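Residue strings, one per chain:
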Amino acid sequence: MASEITVDPGGPLRGELRVPGDKSISHRALICNALAEGEAQIRGLLDSADCRSTMACLRQWGVEFEEHGDTVIVRSPGQDGFRPAPGVLDCGNSGTSIRLLSGVAAGLPFRSHFDGDESLRQRPMRRVLDPLASMGAAVSDNETAPFWIDGSGAELNGFDAAIPMASAQVKSCIIFAALRAGQPSRIVEPGPSRDHTERMLASMGADIDIARGSIRLNPGAELQPQDVDVPGDISAAAFWMIAAAMIPGSRITLPNVGINPRRRVVVDILRSMGAMVDLRNLREMSGEPVADITVTGSFLHCTRIDGDLIVRALDELPTLAVAAAVAYGETEIHDAAELRVKESDRIATTTEMLRAMGVKVADWSDGMRIVGGQLHGATVDSHGDHRLAMAAAVAAMAAQPEFGPTTIRRASAVDISYPTFWRDLDRLRHVPV
Ligand code: S3P
C-alpha cells in the first residue's frame, strides 16, 4: 500500500452527496441471506475490500453472487447446504468478516480455516473463540488469526451468559452460532453495540427477542431470504459531517443515511460541540431508520466522550478527535481501550497524526486529551487504517492555510470501506459557493 495523497487546506464543503452503503449492514445482508436457502437482492451494497472479503469467504462455502452495479443477487443453498471451503477463508483486513463468519463456522459440520492480512492477524480472536468453545465447538488454541473452527462434533449448546465486552462483532458471532444450537440462548449485552444482526434476523423469521440489555434466541426457525435496501453509512457520512462542521462557510446535505440509535451518536456529540446538524425526512428502510442529514459549519467547543457513548461512536472517534483539535477548550475521551485493537492502535495512530499536525495531545491506556487550537499541514501515515486515512484528510482540509498541505501516506487504505472517498472529497469542495 504505497500510495500517497496530498490534500490542500481549505473549504468550504458544499452540496449534496450520497455516501456509500453501510458497511455493517452490507456484511450482514450478505451473511444472513447466505444462511437462508433461496435468492435475495441487496440494493446499495457497499462495494469495498471488506465486503468483498465476506463475499469471497461465503463463495468458498458454496454461496453464489451475481453483481449488477450496486445490486447483488445472493443465491444460497442455505447453511445446511454449505460445503467445506476448498481453501483458507481469507478475511483480508476485515474484523467483521472474520468474527461474524466464525459464528457461522461453529454451526457447520466440518473444519474451517480463517486468516487475514497483517493488521487482522494482530487483532484479538479469543473473544470469539472462547464463547464458541463454551458452546461446544472445537476451536484452535491460537490467540489471533490464523485459526480454525470445527463444528463437526456434537450439537452446539445454547449460550447463556454476558458477553465480555460491548462488541457487535462478538455478539453477532454468538448469535450466528446460537441459531444452530440445540437449546435456546440468552445473550447479555454489557453495552449498546450496533444491533443490525438482530434486526435483520428478526425480519427473516428468526425467533429472536430483543429485551433491554439481553437477547433471547430460540434456534430452529427457518430463515427466509430477504431483499435489503442498504442505507448510507453514517460512519462514512461522519467524515463529511465533521469536516463541514469544522470548516466555516460549509453546508452539505447527505441524503439517505442510516441513523440507527446505536450508530447515530456522532450527531449528538457534534451537537454537544455546538455544530448545526439537522435530520430531515426521517423514515425506515429495510427495518433501519434513515434520514437526510444537513450540516452547516459553525464554531465548535470541547466536549467529553465516555461511557456508553464510546461503543456507539467507536469508528468515529479518530475524526471526532480531529474536530476537538480545532474546538475551543480541552476535549477528553475515556473508556475507549477498544480503540487500541482496531485496524490500527487508534489511540496511538490518532495522537501521532494530531501531534504531527501541531496539536497538543495527551494519551493514556483508554483515552486521550486534545487541546483545541490550530492544525498545521504535515506528512502523516494512515498505518494502513482506512479510518485514519480519512480522518487525516478531514484534518488536512481544516488546517490553517498558511501552513501548507498535508501528505497522507498509505492513503489507498480508504478502499477498505470507502473506495470513492477521494472523488467525493473533490466533489464537495468544488461546488461553487
Ligand atoms: C462492527 C462493529 C464494531 C465496529 C466495526 C464494525 C460490526 O466493532 O468498530 O467497524 O459491523 O459489527 P465492535 O465489534 O468492537 O463493536
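Please read all numbers here as calculations on a predicted model, not as lab measurements.

Peer 1: Which parts of the structure should I look at to understand the site of the ligand?
Peer 2: Taken together, the neighbourhood of the ligand is formed by Ser24, Arg28, Thr96, Ser167, Ala168, Gln169, Arg194, Leu314, Asp315 and Lys342. Measuring from an oxygen atom of the ligand, one finds a side-chain N or O atom of Arg28 at 2.6 Å. Asp315 has a polar side-chain atom sitting 2.6 Å from an oxygen atom of the ligand. Computed on the free molecule, the ligand has an accessible area of 390 Å², of which 97% lies beneath the protein chains in the complex. Because more than half of its atoms lie within 2 Å of the grid, the ligand is assigned to the largest cavity. Among the secondary structure elements, those contributing two or more residues to the shell around the ligand are helix H1 (23-35) and helix H5 (168-178). Classifying every residue of the shell around the ligand gives two nonpolar, four polar and four charged. The residue makeup of the shell around the ligand includes at least three contributed by each of domain 1 (4-19 + 231-429) and domain 2 (23-218).

Peer 1: Explanation requested: the layout of surface pockets in the structure shown.
Peer 2: The method is simple in principle: a probe with the dimensions of a water molecule rolls over the atoms, and the space it marks as empty is what remains. In this structure, the largest pocket occupies an estimated 390 Å³ of space. Along the wall of the largest pocket there are 18 residues; nearest its centre are Glu118, Ser119, Gln122, Glu343 and His383. Residue composition of the lining of the largest pocket, by class: three nonpolar, seven polar and eight charged. Two domains each donate at least three residues to the lining of the largest pocket, and these are domain 1 (4-19 + 231-429) and domain 2 (23-218). What lines the second largest pocket is a set of 18 residues, among which Leu35, Asp80, Arg180, Ala221 and Leu223 lie closest to the centre.

How each quantity is defined
Residues numbered from 1 in each chain as written. Predicted model: local features only at pLDDT ≥ 70, side-chain atom pairs only at ≥ 80, totals over all residues. Heavy atoms only, no water. Near = heavy atom within 4 Å. Polar contact = N/O pair within 3.5 Å; in protein donor to acceptor, adjacent residues only side chain to side chain. Areas by Shrake-Rupley, 256 points an atom, 1.4 Å probe, with all protein chains shown as cover. 1 Å grid on protein atoms, 1.4 Å probe; cavity = no way out; pocket = protein on both sides within 12 Å on 5 of 7 lines; lining within 4 Å. Sits in = over half its atoms within 2 Å of the grid points. Helix = DSSP H or I, 4+ residues; strand = E, 2+ residues; numbered from the N terminus. Nonpolar A, V, L, I, M, F, W, Y, C, P; charged D, E, K, R; others polar. Domains from an automatic or database assignment. Points joined across faces, edges and corners; volume = space filled by probe spheres on them.

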